[in-house]
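Each chain is listed here by its residues.
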Amino acid sequence: MAHLSILRYPDPRLHTVAKPVAAVDERIRRLVDDMLETMYAADGVGLAATQVDVHERLVVIDTSPERDKPLVLINPEIIARSTELAVAEEGCLSVPQVYDKVERHARVTVRALGRDGQSFELAAEGLTAVCVQHEMDHLLGKVFVEYLSALKRERIRTKMLKKTREEQRKT
Ligand code: NI
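First things first, this report covers the structure right here in the doc. None of the values given here were measured: they were computed from a predicted structure. (Residues numbered from 1 in each chain as written. Predicted model: local features only at pLDDT ≥ 70, side-chain atom pairs only at ≥ 80, totals over all residues. Heavy atoms only, no water.)

### Describing the coordination of the nickel ion
When four donors bind a metal tetrahedrally, each ideal donor-metal-donor angle is 109.5 degrees, and when six bind octahedrally, the ideal angles are 90 or 180 degrees. Quick note on the threshold: Excluding water, the donors of a metal are its N, O and S neighbours within 2.8 Å, or within 3.2 Å for Na, K and Ca, and that exclusion means sites may look incomplete. By the criteria applied, helices consist of DSSP H or I runs no shorter than four residues and strands consist of E runs no shorter than two, each listed in order from the N terminus. Relative accessibility thresholds used throughout: buried, under 20% of the residue-type maximum; exposed, over 50%; partly exposed, between the two (1.4 Å probe, protein chains only).
Coordination of the nickel ion by the protein is provided by Cys92 (SG), His134 (NE2) and His138 (NE2), with metal-donor distances spanning 2.1 to 2.2 Å. Considered as a linear motif, the donors of the nickel ion on their single chain read C-x41-H-x3-H. Taken together, the positions of Cys92 in the loop between strand S4 (85-90) and strand S5 (100-105) and His134 in helix H2 (residues 126-139) put the pair 42 residues apart, joining distant regions of the chain. With relative accessibility at 10%, the residue Cys92 sits in the buried group.

Right under this line is the structure:
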């Protein structure tokens, strides 16, 4: 397994629209394992392939308190969404140390293929529902800061560029 590097906002590659995974083969299983390792190492609850510069429809999530229940969604589709909305504070491994409130569907049902290539359906609520919607947005090239005001987004953009410059200076 390997740690993958995570693209940081406002990297334009984060706005790439992902293509469906053609086959759940050895390459994809290795990518799933590497993404899980990368997500756990970064202490994140979700990671989309887009964030590691692979533009295929694949996300990994783990919202369990023990961090031992990985959820793998390959070619995910939302097949039902609640009319009820809920606001939750979100963060993103591509936008480190930035948290803000986003309104989304309170519950969603997603259909996807698992790491074994088998189709399954999952009814998600709470943090898992937030994660599923947040990660699936990544596959469409959308980062959660795009739900915020233009002013906030501009501040975040400046902060992230500064952070990246400072890190580059150190190395
Ligand atoms: Ni994210």
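There is more to say, and it comes next.
### Notes on the side chain of Asp34
Basically, it comes down to this: We count Lys and Arg on the positive side and Asp and Glu on the negative side, and we leave His and both chain ends out. We define a salt bridge as a contact between a side-chain nitrogen of Lys or Arg and a carboxyl oxygen of Asp or Glu at a distance within 4 Å. In the analysis that follows, any N or O atom pair within 3.5 Å is treated as a polar contact, provided that within protein one partner can donate a hydrogen and the other can accept it, and provided that, for residues neighboring in sequence, both atoms belong to side chains.
By the element assignment, Asp34 lies in helix H1 (residues 26-41). For the buried Asp34, which has no salt bridge, the nearest side chain bearing the opposite charge is Arg30, at an N-O separation of 6.1 Å. Separated by 2.8 Å, the side chain of Asp34 and the backbone nitrogen of Ala2 make a polar contact.

### Structural notes on the pairing of strand S3 (residues 71-81)
To be explicit about the condition: One bridge is not enough; two strands pair if DSSP finds at least two bridges between them.
As judged from the 4 bridges shared by strand S2 (residues 58-61) and S3, these two strands associate in the antiparallel manner. Opposite Val60, over in S3, you have Val72 as the bridge partner. Here 5 bridges tie S3 to strand S6 (residues 107-113), and the two strands are oriented antiparallel to one another. By the bridge assignment, Ala80 is partnered in S6 with Thr109.

### Details of the environment of Arg104
Rule in force here: Here a residue-residue contact requires only that any non-hydrogen atoms of the pair lie within 4.5 Å.
Turning to its location among the elements, Arg104 is positioned in strand S5. In this structure Arg104 comes out as buried when scored by relative accessible area, which is 6%. Arg104 sits 20 residues away from Glu84 along the chain, and the two C-alpha atoms are 8.6 Å apart. Leave out the neighbours within four places in its chain, and Arg104 touches Glu84, Leu85, Ala86, Glu90, Val130, Gln133, His134, Asp137, Phe144 and Tyr147. Reaching out from Arg104, the side chain makes a polar contact with the side chain of Asp137 at a distance of 3.0 Å.

### Quick look at the environment of Tyr147
Position of Tyr147 among the secondary structure elements: in the loop between H2 and helix H3 (150-170). Along the sequence, Tyr147 and His105 sit 42 residues apart, while their C-alpha atoms lie 14 Å from each other. Tyr147 has contacts with Val102, Arg104, Asp137 and Lys142, leaving out every residue within four places of it along the chain.

### Things to note about the pattern of salt bridges
Inspection of the entire model under this criterion finds 15 salt bridges. In this structure, the salt-bridge partner of Arg115 is Asp33, at a minimum N-O distance of 2.8 Å. Here Arg115, found in the loop between S6 and strand S7 (119-125), pairs with Asp33, found in helix H1; they are 82 residues apart in sequence, far enough to count as distant. Counted as one network, the salt bridges with shared partners bring together Asp11, Arg13 and Asp53.

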